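# Geometric and topological summary
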Amino acid sequence: MPQQRFPKVEILSIAPHAISFVLSETDTSMANTLRRIMIAEVPTLAVDLVEYSENSSVLNDEYVAHRLGLIPIRYTPEGSMKGGDCHQAFLPHRECVCFDRCPRCCVEFELDVNFDKVNPTRPDQERDLPLTVTSRDLVCRPPMDVGMSLNATYTRQMQISNNILVAPAHFLNEEEQDESHDEGISIVKLGPGQHMKLKAIARMGISKEHAKWCPVAVATYRFWPVITINEEACNMLTLEQKQELVEACPDRILELDEITGNLVAVENAFEMATFTEDLKVAQDAMKKRPEDDDFVHVVQSTDRFVFSVESTGAMDAEDILLSSLRVLKDRLNYLAAEVEKMKD
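Okay, so let's go over this structure. Here the structure is a predicted model, which is why all the values come from computation and not from measurement.

## Focus: the pattern of salt bridges
Per the stated rule, a full pass over the model turns up 23 salt bridges. Notably, a salt bridge pairs Arg326 with Asp330, separated by 3.2 Å at the nearest N-O pair. One end of the pair is Arg326 and the other is Asp330, both in helix H10 (residues 317–343) and four residues apart, which spans about a single turn. For Asp330, a relative accessible area of 40% puts it in the partly exposed group. Measuring nitrogen to oxygen at the nearest pair gives 3.7 Å for the salt bridge that ties Lys343 to Glu340.

## A look at the sheet that holds strand S13 (residues 296–311)
Strand order across the open sheet formed by four strands is S1-S2-S13-S10, with antiparallel pairing between neighbours. Only two strands of the sheet have a single neighbouring strand rather than two, namely strand S1 (8–15) and strand S10 (216–229). When the angles between neighbouring strand axes are averaged without regard to direction, this sheet yields 25 degrees. Contacting S1, strand S2 (18–24), S10 and S13, H10 runs over the sheet at an angle of about 40 degrees to S2.

## Describing the nonpolar core
Grouped together as the largest cluster of nonpolar side chains are 27 residues, with contacts concentrated most on Leu45, Leu68, Phe90, Phe109, Leu111, Val166 and Leu198. Counting only elements with at least two residues in this core, the list comes to strand S3 (44–55), helix H2 (61–69), strand S4 (73–75), strand S5 (106–114), strand S6 (131–134), strand S8 (186–190) and strand S9 (195–205). Leave out the neighbours within four places in its chain, and Leu45 touches Ile73, Tyr75, Cys86, Phe90, Val166, Arg203, Met204 and Trp213. By size, the runner-up hydrophobic cluster in this structure holds 20 residues, among which are Ile19, Ile37, Ala219 and Met315.

## Some points on the pairing of S9
For S9, the buried fraction is high: nine of the eleven residues fall into the buried class. Note that S5 and S9 share nine bridges and pair antiparallel. In the sheet register, Glu110 faces S9, and the bridge partner there is Lys199.

## What to know about the packing of helix H1 (residues 28–40) against H10
Interhelical geometry of H1 versus H10 gives an angle of 110 degrees and a closest axis separation of 9 Å. Comparing their axes, H10 and H1 come out roughly perpendicular. The chirality of how H1 crosses H10 is right-handed. Taken together, the residues of H10 that come into contact with H1 (itself represented by Met30, Thr33, Leu34, Ile37 and Met38) are Ile320, Leu321, Ser324, Leu325, Val327 and Leu328. When the residues that make up the contact of H1 with H10 are grouped by side-chain class, the tally is nine nonpolar, two polar and no charged.

## With respect to a nonpolar patch on the surface
A contiguous nonpolar patch, built from Val9, Ile11 and Ile14 and spanning about 250 Å² of accessible area, is present on the exposed surface. Among the secondary structure elements, Ile14 is positioned in strand S1. Here Ile14 falls in the partly exposed class, since its relative accessible area comes to 48%.

## Overview of the packing of helix H7 (residues 239–248) against helix H9 (residues 277–286)
Geometrically, a packed helix pair is captured by the angle between its two axes and the distance between the axes. In contact at an axis separation of 8 Å, H7 and H9 are set at 155 degrees when each is read in the N-to-C sense. By the angle class used here, H7 and H9 are roughly antiparallel. At the point where H7 passes H9, the crossing takes the right-handed sense. In this structure, H7 contributes Gln241, Glu244, Leu245 and Ala248 to the contact, and H9 contributes Asp278, Leu279, Ala282, Gln283 and Met286. In the contact of H7 with H9, the residues fall into five nonpolar, two polar and two charged.

## Examining the environment of Ser311
On the secondary structure map, Ser311 appears in strand S13. Residues Ser311 and Ala336, spaced 25 residues apart in sequence, show a C-alpha to C-alpha distance of 31 Å. Here Ser311 is in contact with His17, Leu172, Pro215, Val216, Ala217, Ala317 and Ile320, once residues within four sequence places are set aside. Of the polar contacts made by the side chain of Ser311, one reaches the backbone nitrogen of Gly313; its length is 2.8 Å.

What counts as what
- Residues numbered from 1 in each chain as written.
- Predicted model: local features only at pLDDT ≥ 70, side-chain atom pairs only at ≥ 80, totals over all residues.
- Heavy atoms only, no water.
- Salt bridge = Lys/Arg side-chain N within 4 Å of Asp/Glu carboxyl O.
- Helix = DSSP H or I, 4+ residues; strand = E, 2+ residues; numbered from the N terminus.
- Buried < 20%, exposed > 50% of the residue type's maximum accessible area, 1.4 Å probe, protein only.
- Pairing = 2+ DSSP bridges.
- Axes fitted to C-alpha atoms, helices over the stretch in contact; angles between N-to-C directions.
- Contact = heavy atoms within 4.5 Å.
- Core = buried A, V, L, I, M, F, W, Y, C linked by side-chain atoms within 4.5 Å.
- Parallel < 35°, antiparallel > 145°, perpendicular 65-115°, else oblique.
- Left-handed = near helix turned anticlockwise from the far one by under 90°.
- Nonpolar A, V, L, I, M, F, W, Y, C, P; charged D, E, K, R; others polar.
- Patch = residues over 30% accessible without salt bridge, like charges linked within 9 Å, V, L, I, M, F, W, Y side chains within 5 Å.
- Areas by Shrake-Rupley, 256 points an atom, 1.4 Å probe, with all protein chains shown as cover.
- Polar contact = N/O pair within 3.5 Å; in protein donor to acceptor, adjacent residues only side chain to side chain.

Below, the structure written as structure tokens:
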């Protein structure tokens, strides 16, 4: 019977748009499963249907619809400030019992921008320039069942979409927002006499069906480097030879201890060790005999992996990790239930 394992996750760094962590006490099958789930099976919202009333821009309907589909749609659970998992808030469109669409499976946005109406309100120095239509122009009227009892704040929130917890992710972070020349994600530019009016319907889906539902821009892992320094062999080297080994590795994973003069691995060697062939060549040149042990031995760990995950903005990076673990757990529970049925 295979040995039971208890995988562990250690967070190295975390931000709303990115997370770096170490997955340990498991093997590549689990690491690759987690990576593939984050890419292809974490559900998100994305524009899936566009209904045009007017489009006199230079881009055709299909091109604009494609650009709308790639705008990250962010679901923020009630009482939270983070972009979270939407699987409990929405149903897949094919599983909903509604005839066409309803708030349970869809979120509707409207876009209505007319250059000739907007241009007089722009600063004088911008009136001769094209008007950029961005994700901030995606708005929606409150649903008809929203009564007059709603306070002004709630009503203002409802202007974003017909679900107050859903809105386009205009920027990945504050730094990107400060550096941007636009107010959101650019969709199309309009000139004099041009008008765009449409309705965009966002639905929940997974990237296995279409890449627009992918919550990650980057989801990669690499093997943790195991650096072993042969102290006995290194004692036979001169200080100049040790320094040559330090400089031979382009990743600079080694350094000389200022007190003892011994070779030691740098503190963040696990982040830097990617290419060590030059180090291997330098060591071979210093050996008296080819069969002698290496001074420094660098190998890949088989049970420890460094993950780097960056979000598209549809979800916080932390929630992408938690959601992928939930999906994996659900899949394993389903497999266990099916196996039990086969036994019966």
